Amino acid sequence: MIELKDISKVFMTDEIKTCALTGINLHVEKGDFISIMGPSGCGKSTLLNIIGHLDTPTSGTITVDGVDTGNMTDRELSRLRNEKFGFIFQSFHLIQGLNVLQNVELPMLYSREKLSHKEIRERAKMILEKVGLSSRMKHYVSQLSGGQCQRAAIARAMITHPHILLADEPTGNLDSRMGKEIMDLLLGLNMDGTTVVMVTHDARLASEAKTCITMNDGEITDLS
Ligand SMILES: Nc1ncnc2c1ncn2[C@@H]1O[C@H](COP(=O)(O)OP(=O)(O)OP(=O)(O)O)[C@@H](O)[C@H]1O
Ligand SMILES: [Mg+2]
């Protein structure tokens, strides 16, 4: 599904060179659930962003479903992101001025899949039911708990039916009980066929993934 070959990423800021990733090789197969662990600054978010084409590598190649994405235009890349990837972040990235339903519907406004407003609403309601938020659809973001915010963010990521869900510390702002609930939700989505790649600091949650990657200093040091 996704193949990274010899990926490196160097950031240059004020003459300071940071090698965030060095010689990364990784296959993400359909149906995988991959967890990524490692110390702060070891390159986990950078790797996730490169897998999701939110950032480009300094060297190396990435293929998605057999297509090398290295020469794609910005327009092609944003289409690829919208069609194939769903993103979840530690701090949810929900829009405060919109209610839950509106937040979840938002990605469909940019989708090439042109549904009517009624169809989008139906789909959003169905996904909110799946994540257990049916009773909170009209709530604004400030009226939700952390776990509910993350559920809303997952629903928003899922509305475009992404093939792969990329989650950067999705439980990082939640207590362990809520973290477990979100993990169970991600495991359920994976069972339904969505591929998941998740960065986490929680070894207990990481061990529930099918594949566990450990990183250190920009390199993958263990894959099991
Ligand atoms: N936009 C950027 N410009 C310059 N350096 C960056 C940038 N983004 C990340 N880095 C550097 O690249 C390295 C890897 O950062 P990254 O965010 O991937 O780490 P991480 O493993 O996700 O850490 P954390 O667990 O703290 O989130 C760090 O040394 C960081 O300072
Ligand atoms: Mg990070």
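Residues numbered from 1 in each chain as written. Chains lettered and ligands numbered in written order. Predicted model: local features only at pLDDT ≥ 70, side-chain atom pairs only at ≥ 80, totals over all residues.

1. Some points on helix α5 (residues 146-158)
Its 13 residues give α5 an end-to-end C-alpha distance of 18 Å, which sits within 8% of 18 Å, the value for a rise of 1.5 Å per residue. Within α5, twelve of the 13 residues are buried, which leaves the element mostly enclosed by the surrounding structure. Of all the residues in α5, the buried ones are Gly147, Gln148, Cys149, Gln150, Arg151, Ala152, Ala153, Ile154, Ala155, Arg156, Ala157 and Met158. Its buried side turned inward, α5 meets β6 (85-89), α3 (100-109), α4 (117-130), β7 (164-168) and α6 (176-191). (Helix = DSSP H or I, 4+ residues; strand = E, 2+ residues; numbered from the N terminus. Expected span 1.5 Å × (residues − 1). Buried ≥ 20, exposed ≤ 12 C-beta atoms within 10 Å, placed from the backbone. Contact = placed C-beta atoms within 7 Å.)

2. Description of the pairing of strand β9 (residues 211-216)
Across four bridges, strand β3 (residues 33-37) lies against β9 in parallel orientation. Looking at the pairing, serine 35 lines up with cysteine 212 of β9. Here four bridges tie β9 to strand β10 (residues 219-223), and the two strands are oriented antiparallel to one another. Each bridged residue has a counterpart across the sheet, and for isoleucine 213 the counterpart in β10 is leucine 223. Linking β9 back to β10 in an antiparallel pair, the connection comprises two residues, with aspartate 217 at a positive phi of about 50°. (Pairing = 2+ DSSP bridges.)

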